[in-house]
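# Structural overview for review
Below are the chains, spelled out letter by letter.
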Amino acid sequence: MLVHTILRFKSRAWLVLLTALSATPVLAQTANFASLTLSQGFSPSAGVASGYTGGSYSLASIANSDHKNNRCIGFASPTPDHIMVLERDFPKLTVQVNTSGSDTTLLIRGPGNENTIRCGDDTGSNKDASISDTNWKAGRYSIWVGTFEEGVRRDYSLSVRQE
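It should be emphasised that the depicted structure is a prediction, and the values quoted were computed from it without experimental measurement.

Tallied over the entire structure, the rule returns 1 disulfide. Here Cys72 pairs with Cys119 through a disulfide, and the sulfurs are 1.9 Å apart. Linking Cys72 and Cys119, the disulfide has an S-S dihedral of approximately 85° and is accordingly described as right-handed. Of this pair, Cys72 sits in the loop between strand S3 (57-58) and strand S4 (75-76) while Cys119 sits in strand S8 (residues 116-120), and the two are 47 residues apart along the sequence. We note that Cys72, like Cys119, is buried.

Here it is as structure tokens:
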């Protein structure tokens, strides 16, 4: 009887632990690569991070389109590649992917409960993705860098600049 009670307690403890872990908010996610913390007047080097693509998670499952009706496309990891924390509001930022010409996509979600979605694809004649937008609120942003085909690995650098 005592053994049965102990086993039942252990099963419930595991169930409680698994429930707690699965209920962890998305905002608590860590990034696959470096995070950026930026304040007004940040140096260009503070706005640079690197990583690589290679996931099979459809970015359209986060959002079909962004707040400007740009389509959200591509495949990436389900975990954000980078976390960007803006310590203050920024009137205008540009986020640029550089793979030396590979076809990339970009999705940025945040901050907080607002969860504004920004999506980017080609930059002019360049196949690398970028997003240039206004009204960036202070807070935490999740950034995914994707490709058009599942599982394609592309090394990249990500740069953020204020304008």
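As a further point, take the packing of aromatic side chains. Counted by the stated rule, this structure contains 3 aromatic pairs. Centre to centre, the rings of Phe33 and Tyr52 are 4.9 Å apart; their planes meet at 65°, and the pair counts as edge-to-face. Residue Phe33 is located in the loop between helix H1 (2-22) and strand S1 (36-38), and its partner Tyr52 is located in strand S2 (residues 48-52); the two are separated by 19 residues in the primary sequence. A relative accessible area of 37% places Tyr52 in the partly exposed class. Ring geometry for Trp136 and Tyr141: centres 5.5 Å apart, planes at 55°, overall tilted. With respect to class, Trp136 is no different from Tyr141; both count as buried.

About the thresholds
Residues numbered from 1 in each chain as written. Predicted model: local features only at pLDDT ≥ 70, side-chain atom pairs only at ≥ 80, totals over all residues. Heavy atoms only, no water. Disulfide = S-S within 2.5 Å. Helix = DSSP H or I, 4+ residues; strand = E, 2+ residues; numbered from the N terminus. Buried < 20%, exposed > 50% of the residue type's maximum accessible area, 1.4 Å probe, protein only. Phe/Tyr/Trp six-rings, centres within 6.5 Å; stacked < 30°, edge-to-face > 60°.

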